[in-house]
Amino acid sequence: MKRILVTGASGFIGSFIVEEALRRGFETWAAVRKSSSRKYLTDGRIRFIELNLDDPDDLKDKLSGRDFSYVVHAAGATKCLHADDFFRINTVGTRNLAAAVTATCPNLERFVFISSLSVCGPVREKQPYTDITAADTPRPDTAYGRSKLEAERALDAMQGLKFSVLRPTGVYGPREKDYFMMAQSIKRHVDFAAGLRPQDLTFIYVKDLVQAVFLAAEHGRDGARYLLSDGNVYSSRTFSDLIQAELGVKGLLRVKAPLWLLRAITAGGDCLGRLTGRLTALNNDKYKIMKQRNWRCDITPAVDELGYEPQYDLCRGVRETMAWYKQNKWL
C-alpha cells in the first residue's frame, strides 16, 4: 500500500487532498498542528502526525521510519502581518521539510510542492495579454510570491530529492474563505472591483487542483513547474455574475474603484494591522494582486506531461461552491 503524507491537511486544499488519497486507498497521514481544526478530517482511516516545520530535528524524528511514497506539501501562509513570517513559514519551512524527507524516506517517489501563480508576478502586463509560462523569468511583487519562489529554489538546491512544483492560479471551492467574502458581499447587493484597465482572470476549482496533485505525484517531471487553471480566461465580472445568478440576487451595486483609491485603502489596512496586531483582508499584498491585470497562464505542459484534464469550468465550479455554502449555512 502506498503511504502518503499531506501537510496543511486541515486547510482548504489539504483536506481535499486527504479525501482523494483515502479514496485511492493510500495509507494517508495528515500533518497538522496542535491548534489545527479537524472538522474536515473525520474519516477514521486518517493517521495524524503533528509536525513543527520550524524545527529540523523534530521533523526528522517524527518522520523517521515512515518512508513515505509521496509527500504533498500544501501547508503555507497566504496572509501574514510581517513579511518575515512569509519566509519563515513558506521558505524555511519548506526547506526544513524537504531536508527531513530526503533524510528519512529512501523510497520516496515524489515530493509535490503546491506553490502559486503569484510566483510569476506581473510578467506579461502589456496588452494584448498573452499566457504566462513556466519559462518566464519570475518577477513576484508580493511577499507571498517571493517566499514561494524562494521555497522553489530551496527545492532546486536539495540534493537527491525528486520533486515537482504546481503553480495554481486562484483556487476556489467549498470550504474556501477568501472568495466566500465576495459571495457574502454580493448577497448584500454589493460587488467591488478595482482598476479601470481590462483584466483577464483565471481560476481553478479545488477538485481539479487535487487531480493535478496526484498526476504530478505519479507522472511529474523532476524539477518541473506546472502552471494550473481550468484552461479558460474570464473577464473581471464573470465570477461575480455567476455568484449573483446562483444566489438569486436581484439588483447589485457595482463599485469599481481606481487603483489609487485601492492603494490608499490597503495602505490604511496595513497600518491598522500593525497597530492592532490583527490581519486585515485589504493589505499591501492584496493591492498588488488586484492591481495585476493579466492572470492568463499556459497549462499545456500539465496537459501534455501529466494528462491533466480540468473538469470544472467557472460556471460548474461556482454552482457547486454556492450550493455547499448554502447547505452548510455559510450563506
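Refer to the structure printed above.
This text gives an overview of the structure that appears in the document.

**Thoughts on the pattern of salt bridges**
Within the structure shown, the criterion is met by 27 salt bridges. The closest approach of N and O atoms between Arg153 and Glu150, which form a salt bridge, is 3.1 Å. A residue pair is termed a helical-turn pair when its members lie 3 or 4 positions apart in one helix, as Arg153 and Glu150 do in helix α4 (residues 143-156) at three residues. Since its relative accessible area comes to 42%, Arg153 is described here as partly exposed. For Glu150, a relative accessible area of 31% puts it in the partly exposed group. Taken together, the shared-partner salt bridges connect Glu20, Arg23, Arg24 and Glu218 into one network.

**A few points about the packing of helix α3 (residues 83-104) against α4**
Contact pair α3 / α4: the axes reach a minimum separation of 8 Å and the direction vectors enclose 20 degrees. Here α3 is positioned roughly parallel relative to α4, judged by the angle of their axes. Here α3 and α4 pass one another in a crossing that is right-handed. Residues Ala83, Phe86, Phe87, Asn90, Thr91, Thr94, Arg95 and Ala98 of α3 form the contact with α4, whose own contacting residues are Ala143, Tyr144, Arg146, Ser147, Lys148, Glu150, Ala151, Ala154 and Leu155. Of the residues that constitute the contact of α3 with α4, the class distribution is nine nonpolar, four polar and four charged.

Basis of the calculations
- Residues numbered from 1 in each chain as written.
- Predicted model: local features only at pLDDT ≥ 70, side-chain atom pairs only at ≥ 80, totals over all residues.
- Heavy atoms only, no water.
- Salt bridge = Lys/Arg side-chain N within 4 Å of Asp/Glu carboxyl O.
- Helix = DSSP H or I, 4+ residues; strand = E, 2+ residues; numbered from the N terminus.
- Buried < 20%, exposed > 50% of the residue type's maximum accessible area, 1.4 Å probe, protein only.
- Axes fitted to C-alpha atoms, helices over the stretch in contact; angles between N-to-C directions.
- Parallel < 35°, antiparallel > 145°, perpendicular 65-115°, else oblique.
- Left-handed = near helix turned anticlockwise from the far one by under 90°.
- Contact = heavy atoms within 4.5 Å.
- Nonpolar A, V, L, I, M, F, W, Y, C, P; charged D, E, K, R; others polar.

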